[in-house]
Amino acid sequence: MCITSTPAEAKVASTSEIHLFLSNEWKTIANQPSLEVAAAINQRLDIRRDEIGRAIVHIIHGLGTYQATEPVFFAHHDGGIYVFRFVIHWDRDLKVTNRKHTTVVDWEVLNNQHYRAVVQSDNSTFAAQHVEYLNYLFSQLMVSNQNV
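Treat the numbers as computed from the prediction; the structure is a model and nothing was measured.

**Quick word on helix 4 (residues 132-141)**
- Along helix 4, the residues that are buried comprise Leu134, Leu137, Phe138 and Leu141. Projected down its long axis, helix 4 carries its buried residues within an arc of 90°, all on one side.
- Buried-residue contacts for helix 4 involve helix 2 (34-47), helix 3 (49-60), strand 3 (81-93), strand 4 (98-110) and strand 5 (113-122).

Shown next, in the form of structure tokens:
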């Protein structure tokens, strides 16, 4: 991977480098009521949405060029699941034409832990690849093993 001057083509962070909380931070947050925990997660996701969106595009559409991620929003569902939605805009330069795409990924968190990540919609001509790696990406987001 190379670092370029445009944000859309910036270096994709390794999934092991993207964390929302340090472990000592998470211990404090995780003891709060579920809605407060979900709001804290959502706030951190929104701050890092471009980095996470870029990683998602890199995983499931390796030849795509990341453009932007809309602000992340969340909703509570039955059974204590919180769903965080990522709406990601990206394009693919096919030399003959440049196609713009939108991919929607939902991250489900249950009992303050990663449950699963699901591609809800994707308008690309080519199917999303390596969807199973999304679960790994999102499972690694919750907490860093480093204390500061």
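**Observations concerning the confidence of the model for the chain**
- When pLDDT is averaged along the chain, the result is 85; 86% of the residues meet or exceed 70.
- Segment residues 1-11 is flagged for pLDDT under 50; beyond a separation of four residues in sequence, or across chains, it makes 16 contacts in the model.

**Details of the nonpolar core**
- With 32 residues, the main nonpolar core has Ile41, Leu45, Ile56, Phe86, Trp107 and Phe138 as its most contacted residues.
- Residue assignment for this core shows that the elements contributing at least two residues are helix 1 (23-29), helix 2, helix 3, strand 3, strand 4 and helix 4.
- The greatest single-element share of this core, amounting to six residues, is contributed by helix 3.
- Contact partners of Ile56, with chain neighbours within four places excluded, come to His61, Phe86, Ile88, Val105, Leu134, Leu137 and Phe138.

**Considerations on helix 3**
- When the terminal C-alpha atoms of helix 3 are compared, their 16 Å separation across 12 residues agrees well with the 16 Å that a helix rising 1.5 Å per residue should span.
- Those residues of helix 3 not exposed but buried are Ile52, Gly53, Arg54, Ala55, Ile56, Val57, Ile59 and Ile60.
- On its buried face, helix 3 is in contact with helix 2, strand 1 (65-69), strand 3, strand 4, strand 5 and helix 4.

Reading the values: rules and limits
Residues numbered from 1 in each chain as written. Predicted model: local features only at pLDDT ≥ 70, side-chain atom pairs only at ≥ 80, totals over all residues. Heavy atoms only, no water. Buried < 20%, exposed > 50% of the residue type's maximum accessible area, 1.4 Å probe, protein only. Helix = DSSP H or I, 4+ residues; strand = E, 2+ residues; numbered from the N terminus. Arc of directions from axis to C-beta. Contact = heavy atoms within 4.5 Å. pLDDT = per-residue confidence, 0-100. Core = buried A, V, L, I, M, F, W, Y, C linked by side-chain atoms within 4.5 Å. Expected span 1.5 Å × (residues − 1).

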